[in-house]
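Chain residues, written in single-letter form:
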Amino acid sequence: MGCYVLGFQEIDQTQVAVVGGKGAHLGELSRIEGIRVPAGFCVTTDAFQRIMAEAPSIDDRLDRLSRLKPDDREAIRALSAEIRRTIEGIAIPDDLAATITRALARLGDQAPCAVRSSATAEDLPTASFAGQQDTYLNVVGPAAILQHVSRCWASLFTERAVTYRLRNGFDHRKVHMAVVVQQMVFPQAAGILFTADPVTGNRKVASVEASFGLGEALVSGLVNADVYKVRDGEVVAKAVATKQLAIHASPAGGTQEQAIEPERQEQPALTDAQVVRLAQLGRRIEAHFGYPQDIEWCLVDDCFQFVQSR
């Protein structure tokens, strides 16, 4: 029997094969002194491989898939949809479901969670799979979380991911999917911190992008972000965007877009002091990993929490 669930505290960056790129980075991030990461666990690739073994029909479909050309769009679309439906339709075996549910109970049975895909080939320097797999926010209750874990497994076979692998000669069978389940945070502001300026590559200048509400608005390109540049502990440049929308958690689960009141649209999402503090935390993370990082952060009650670094 494999190991199906690992808590963040049991994970470090050497375990990409077990928890995928995202999971390994999160485990490592949660080990850094003074860096706060919302609690969570990973459903390992052992669980994914067991699910795949439950459906013999998948094997034949993977064979057919690997014979397609990257330009056979119709065939890829049809076959990958079949594979996704099959994976989502597999009942999670009782012992596996119980293991996941037990881990969930430690976070709080009804605690809202983010459920994120973490592929084993993700975020490798040689292969940029980032953003090709799914993230589900504000998922509540064991049944819903198990369902979204299945969806994350299936997202390894989105049309885009399949085409990417065909184009780059990756074997569909060699890429596995882990799933990160993490306590949801409800931030006032969120965004991305680059410890080296993404435009110039200058490692002395950190760049912060910030918007109100959840960071997904920014990642998905829905909103313009405020941009701050920090050098030697001070804000050296600042461009405040007009922010008309924010994504917030909705009470029924999932997320919703909300309009920002006109008088807040021109307000910066962070104070200069917060930006400087965030940049300092970013330097600590960068020092730990040893190279510039691209970090997803949330501001909750004047405290920064980190949900990704790569």
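How each quantity is defined
Residues numbered from 1 in each chain as written. Predicted model: local features only at pLDDT ≥ 70, side-chain atom pairs only at ≥ 80, totals over all residues. Heavy atoms only, no water. Buried < 20%, exposed > 50% of the residue type's maximum accessible area, 1.4 Å probe, protein only. Helix = DSSP H or I, 4+ residues; strand = E, 2+ residues; numbered from the N terminus. Pairing = 2+ DSSP bridges. Expected span 1.5 Å × (residues − 1). Contact = heavy atoms within 4.5 Å. Axes fitted to C-alpha atoms, helices over the stretch in contact; angles between N-to-C directions. Parallel < 35°, antiparallel > 145°, perpendicular 65-115°, else oblique. Left-handed = near helix turned anticlockwise from the far one by under 90°. Phe/Tyr/Trp six-rings, centres within 6.5 Å; stacked < 30°, edge-to-face > 60°. Lys NZ or Arg CZ within 6 Å of the ring centre and 35° of its normal. pLDDT = per-residue confidence, 0-100. Core = buried A, V, L, I, M, F, W, Y, C linked by side-chain atoms within 4.5 Å. Disulfide = S-S within 2.5 Å.

Considering the pairing of strand β13 (residues 303-309)
It is a general feature of regular strands that their side chains alternate between the two faces of the sheet.
Then, in step 1: Among the seven residues in β13, six count as buried, and that is most of the element.
Then, in step 2: Where strand β12 (residues 294-300) lies against β13, six bridges are found, and the strand directions are antiparallel. Along β13, the bridge assignment pairs Leu299 with Phe304.
Then, in step 3: What sits between the antiparallel neighbours β12 and β13 is a turn of two residues, in which Asp301 has the positive phi angle 50°.

Regarding helix α10 (residues 272-289)
Then, in step 1: The terminal C-alpha atoms of α10 lie 26 Å apart, and with 18 residues this matches the ideal 26 Å at 1.5 Å per residue to within 8%.
Then, in step 2: Those residues of α10 not exposed but buried are Gln274, Val275, Val276, Leu278, Ala279, Leu281, Gly282, Ile285, Glu286 and Phe289.

Quick notes on the side chain of Thr99
Then, in step 1: The topology assignment puts Thr99 in helix α5 (residues 94-107).
Then, in step 2: Given a relative accessible area of 17%, Thr99 falls into the buried group.
Then, in step 3: Sequence-distant contacts of Thr99, defined by excluding residues within four places in its chain, comprise Tyr4 and Val5.

A look at the sheet that holds β13
Then, in step 1: Spatial ordering of the open sheet is given by β9-β8-β7-β6-β12-β13, a layout of six strands whose pairing is antiparallel. Both outer strands of the open sheet, β9 (234-239) and β13, are each paired with one neighbouring strand and no more. Averaged over all pairs of adjacent strands, the angle between strand axes in this sheet comes to 25°, irrespective of strand direction.
Then, in step 2: Taken together, the five bridges between strand β8 (residues 226-231) and β9 define a ladder with antiparallel strand orientation. Across the sheet, residue Val230 finds its bridge partner in β9, namely Val235.
Then, in step 3: Here α10 sits on the sheet and contacts β6 (189-194), β7 (205-212), β8, β9, β12 and β13; the angle it forms with β13, its principal contact strand, is near 40°.

A short note on the packing of helix α3 (residues 57-66) against helix α4 (residues 73-89)
Then, in step 1: Packing of α3 against α4 leaves a shortest axis separation of 10 Å and a crossing angle of 160°. As far as their axial angle goes, α4 and α3 are roughly antiparallel. The two elements α3 and α4 meet at a crossing, and its hand is left-handed. Together, Ser57, Ile58, Arg61, Leu62, Arg64 and Leu65 of α3 and Leu79, Glu82, Ile83, Thr86 and Ile87 of α4 make up the contact between the two elements.

Focus: the packing of aromatic side chains
Then, in step 1: All told, the structure shown has two aromatic pairs when counted by the stated rule.
Then, in step 2: Relative to Phe170, the ring of Tyr164 lies with its centre 6.3 Å away and its plane at 15°, an arrangement referred to as stacked.
Then, in step 3: Residue Phe170 is classed as partly exposed on the basis of its relative accessible area, which comes to 28%.
Then, in step 4: Between Trp297 and Phe304, the ring centres sit 5.6 Å apart and the planes meet at 80°, which makes this aromatic pair edge-to-face.
Then, in step 5: Assessed through its relative accessible area of 1%, Trp297 is described here as buried.
Then, in step 6: Taking the relative accessible area as the measure of exposure, Phe304 reaches 4% and is therefore buried.
Then, in step 7: The ring of Phe157 carries the charged tip of Arg165 above its face, separated from the ring centre by 5.3 Å.
Then, in step 8: Note that Arg264 overlies the ring of Phe212, its terminal NZ or CZ placed 4.3 Å from the centroid.

Comments concerning the sheet that holds strand β3 (residues 113-119)
Then, in step 1: Spatially, five strands are ordered β1-β2-β5-β3-β4 in an open sheet, and the strand pairing comes out antiparallel. Strand pairing shows two members of the sheet lacking a second neighbour, β1 (5-7) and β4 (135-139), which therefore form its edges. Going from strand to strand, the sheet's axes swing by 20° on average, the running direction of each strand aside.

What to know about helix α7 (residues 159-168)
Then, in step 1: Buried within α7 we find Ala161, Val162, Thr163, Tyr164, Arg165 and Leu166.
Then, in step 2: Looking at the buried residues of α7, the elements they touch are α3 and α4.
Then, in step 3: Positioned one or two residues after α7, Gly169 has a phi angle of 70°, which is positive.

Observations regarding the confidence of the model for the protein chain
Then, in step 1: When pLDDT is averaged across the protein chain, the result is 92; 95% of the residues are at 70 or more.
Then, in step 2: The model gives residues 123-131 a pLDDT under 50, and that stretch makes 16 contacts with residues more than four places away or in other chains.

Looking at the nonpolar core
Then, in step 1: Among the nonpolar cores identified, the biggest contains 45 residues, and Phe41, Ile87, Trp153 and Phe157 are the most heavily contacted of them.
Then, in step 2: Excluding its chain neighbours within four sequence positions, the residues that come into contact with Ile87 are Ile51, Met52, Ile58, Ser150, Trp153, Ala154 and Phe157.
Then, in step 3: If you look at the next biggest cluster of nonpolar residues, it comprises 35 residues, including Leu29, Ile32, Ala246 and Leu270.

Concerning the state of the cysteines
Then, in step 1: In the structure shown here, the tally under the stated rule is zero disulfides.
Then, in step 2: Cysteine Cys3 remains unbridged, with the sulfur of Cys42 as its closest cysteine sulfur at 10 Å.
Then, in step 3: By relative accessible area, Cys3 is classed as partly exposed at 37%.
Then, in step 4: Here Cys152 stays free of any disulfide, with the sulfur of Cys42 as its closest cysteine sulfur at 11 Å.

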